[in-house]
Amino acid sequence: MHDRRYDALAEHKADHERLLDELRDLMDAQADGAVAGRPAVRSAVAAWFAGHFQTHDARFHRYLAR
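A quick note: this is a predicted structure, and the numbers were derived from the prediction, not measured.

Draft legend 1. Here's a closer look at helix 2 (residues 37–65). Here helix 2 is 29 residues long and its end C-alpha atoms lie 39 Å apart, about the 42 Å a rise of 1.5 Å per residue gives. Along helix 2, the residues that are buried comprise Gly37, Ala40, Ala44, Trp48, His52, His56, Asp57, Phe60 and Tyr63.

And the structure:
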């Protein structure tokens, strides 16, 4: 993305960072006994990937197709 000078690189990267933040929060909640770890992580990652692929990755693929 950097080499291709992708105009939405910062936004794309920020979405990845949001996932990492959410996963850290889930890990903290699991350590505190507030959530069941694997099901919560599985659900969060599945939801993030579905949304990320449909938005950020799709936009990048359109960018590459120009």
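Further notes follow.
Draft legend 2. Structural view of the side chain of Asp57. Along the chain, Asp57 falls in helix 2. For the buried Asp57, no salt bridge is present, and the opposite-charge side chain at shortest range is Arg62, 11 Å distant. The contacts of Asp57, once residues within four sequence positions are left out, are His12 and His52.

Draft legend 3. Quick peek at the nonpolar core. One finds Leu19, Leu23, Leu26, Ala40, Ala44 and Trp48 forming the largest nonpolar core, which totals six residues. Of all the secondary structure elements, the ones that give two or more residues to this core are helix 1 (9–31) and helix 2. Excluding residues within four positions of it along the chain, Ala44 makes contact with Glu22 and Leu26.

Criteria and cut-off values
Residues numbered from 1 in each chain as written. Predicted model: local features only at pLDDT ≥ 70, side-chain atom pairs only at ≥ 80, totals over all residues. Heavy atoms only, no water. Helix = DSSP H or I, 4+ residues; strand = E, 2+ residues; numbered from the N terminus. Expected span 1.5 Å × (residues − 1). Buried < 20%, exposed > 50% of the residue type's maximum accessible area, 1.4 Å probe, protein only. Lys, Arg positive; Asp, Glu negative; His and termini not counted. Salt bridge = Lys/Arg side-chain N within 4 Å of Asp/Glu carboxyl O. Contact = heavy atoms within 4.5 Å. Core = buried A, V, L, I, M, F, W, Y, C linked by side-chain atoms within 4.5 Å.

These figures capture arrangement, not role.
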